Amino acid sequence: MQNPYHPPAAAGYSGGAGNEGAISQRTASIMARTKGWVRFIGIAFIIFGVLMLIPAIFGFASGIPYAMGGGLAYLIMALLSCIIPGIKLNAYANRIGDVLRYGRASDLESALNEHRGFWKFVGILQLIGLGFMLFGFIVSLASR
Amino acid sequence: MQEHNPYAAPSANLGGKDTLSEPSGAVTMGVVNQLARTKGWTRLSGVLLIIVATLLFIVVAFAAFAFKAAQSQLFARNLPTFVLFMGVVIYGMAGVLYLIAGLKLNGFSSAIQRLLYSGKESDLDDALDRQRSFWVYCGILAIIVLVLTALAVLAALGSPTAFRQY
């Protein structure tokens, strides 16, 4: 018999956020084939970020104000464009590992949450970059 | 057939369907919600990639026109034709690579949209497979770039004259 007092639920989908439904073999196979590439790109991002830190370290070590400014710029670039996205991608690969280990929909949800976090971070960076470009464009027009 | 209960708590038909299919294993509310919140960001990145590719194609079109003009000796004294030719090739290739990445990301976003309407497990698999395809593409590109970089470093180390010039 239907319970008239049950909490609201969206139709068409099973359960809620904590649902323990199992994922299908096909879903698991797709995620398994995704994991290696995500891990590879994540590690490549981090390695590239670490390489970008080398000029930053030299800049700071030089003690010259301009070089230190350049070092700071490299540090920020390395963190924002390489190291943080790389860490997020590796976290996504780790969560995919949980999906493959336990086969639960809740683990798939955690993995997709990490994936969403990566794209949100990238999107915000792109919007900031676009904002700077627009600002530079307006400044260059105004300075004529 | 389900009995209609006038006292039931309100519920949203997120699938947007007249008839509701049986809920299937992995398509939980949480999974769909995460993908729905990802869709906007991947669409943004996909559209930006396509815009960048379009701008690169415009540059290529101008460079190709200049290259053709240089070949016809109209501007032969002023334009370095080899640089223009390499510009056309490199910018054209970059434009194609950006365009493919943008199309793949937009395909992923569209697959999420279909999942939001249908709530079917096959649509979830399609979205995840498109996402996998994007990462495979990026991974292969990363391998190619790494190999080319390694070759360039080896070539530079192998030809000491390249350093003596500077």
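Residues numbered from 1 in each chain as written. Chains lettered and ligands numbered in written order. Predicted model: local features only at pLDDT ≥ 70, side-chain atom pairs only at ≥ 80, totals over all residues. Heavy atoms only, no water.

**Brief notes about the overall build of chain B**
Here is step 1 of the chain: From N to C terminus, chain B includes 4 helices and 0 strands.
Here is step 2 of the chain: Each helix and strand of chain B, placed in order from N terminus to C terminus, yields the pattern α-α-α-α.
Here is step 3 of the chain: In chain B, the share of contacts with a sequence separation of at least 24, taken over all contacts with a separation of at least 6, comes to 74%.
Here is step 4 of the chain: For chain B, the exposed area adds up to about 10200 Å²; of that, 69% sits on carbon and sulfur atoms. (Helix = DSSP H or I, 4+ residues; strand = E, 2+ residues; numbered from the N terminus. Contact = heavy atoms within 4.5 Å. Areas by Shrake-Rupley, 256 points an atom, 1.4 Å probe, with all protein chains shown as cover.)

**Some details on the packing of aromatic side chains**
Here is step 1 of the chain: Following the criterion strictly, the structure yields 6 aromatic pairs over all chains and no others.
Here is step 2 of the chain: Ring centres 5.6 Å apart and planes at 55 degrees place the aromatic pair A:Trp119 and B:Phe134 in the tilted group. One end of the pair, A:Trp119, is in helix H3 (residues 105-142); the other, B:Phe134, is in helix H3 (residues 121-158), on a second chain. Taken as a pair, A:Trp119 and B:Phe134 share a single burial class, namely buried.
Here is step 3 of the chain: Residues A:Trp119 and B:Trp135 carry aromatic rings whose centres are separated by 5.9 Å and whose planes lie at 35 degrees to one another, so their mutual orientation is tilted. Here the residue A:Trp119 occupies a position in helix H3, and B:Trp135 occupies one in helix H3, the pair thus bridging two chains.
Here is step 4 of the chain: Judged by relative accessible area, which is 2%, B:Trp135 ranks as buried.
Here is step 5 of the chain: Three or more aromatic residues joined by ring pairs make a cluster, and in this case those are A:Phe118, A:Trp119, B:Phe134 and B:Trp135.
Here is step 6 of the chain: We note A:Arg104 situated over the ring of A:Tyr102; from NZ or CZ to the ring centre the distance is 4.8 Å. (Phe/Tyr/Trp six-rings, centres within 6.5 Å; stacked < 30°, edge-to-face > 60°. Buried < 20%, exposed > 50% of the residue type's maximum accessible area, 1.4 Å probe, protein only. Lys NZ or Arg CZ within 6 Å of the ring centre and 35° of its normal.)

**Digging into the packing of helix H1 (residues 25-62) of chain A against H3(B)**
Here is step 1 of the chain: Relative orientation of the contacting elements H1(A) and H3(B) amounts to 25 degrees, with a least axis distance of 9 Å. Between H1(A) and H3(B), the angle is such that the two are roughly parallel. Crossing handedness for the pair H1(A) and H3(B): left-handed.
Here is step 2 of the chain: Broken down by class, the residue content of the contact of H1(A) with H3(B) amounts to 14 nonpolar, 4 polar and 6 charged. (Axes fitted to C-alpha atoms, helices over the stretch in contact; angles between N-to-C directions. Parallel < 35°, antiparallel > 145°, perpendicular 65-115°, else oblique. Left-handed = near helix turned anticlockwise from the far one by under 90°. Nonpolar A, V, L, I, M, F, W, Y, C, P; charged D, E, K, R; others polar.)

**Re the pattern of salt bridges**
Here is step 1 of the chain: What the rule picks out here adds up to 7 salt bridges over all chains.
Here is step 2 of the chain: With a shortest N-O distance of 2.8 Å, A:Asp98 and A:Arg101 are connected by a salt bridge. Of this pair, A:Asp98 and A:Arg101 both sit in helix H2 (residues 65-102), 3 residues apart, which is roughly one turn of the helix.
Here is step 3 of the chain: Using a relative accessible area of 56% as the deciding quantity, one classes A:Arg101 as exposed.
Here is step 4 of the chain: We note a salt bridge from B:Asp126 to B:Arg114, for which the minimum N-O separation is 3.1 Å. (Salt bridge = Lys/Arg side-chain N within 4 Å of Asp/Glu carboxyl O.)

**Examining the environment of A:Leu127**
Here is step 1 of the chain: Position of A:Leu127 relative to the elements: it lies in helix H3.
Here is step 2 of the chain: Apart from residues no more than four positions distant in its own chain, A:Leu127 is found in contact with B:Trp41 and B:Leu44.

**Observations concerning the confidence of the model for chain B**
Residue and element names in this part refer to chain B.
Here is step 1 of the chain: Overall, the predicted model of chain B reaches an average pLDDT of 82, with 76% of residues at or above 70.
Here is step 2 of the chain: The weakest mean pLDDT in chain B belongs to helix H4 (residues 161-164) at 57; the strongest belongs to H3 at 93.
Here is step 3 of the chain: Below a pLDDT of 50 lies the segment residues 17-23, which in the model reaches 8 contacts outside its immediate sequence neighbourhood of four places, other chains included. (pLDDT = per-residue confidence, 0-100.)

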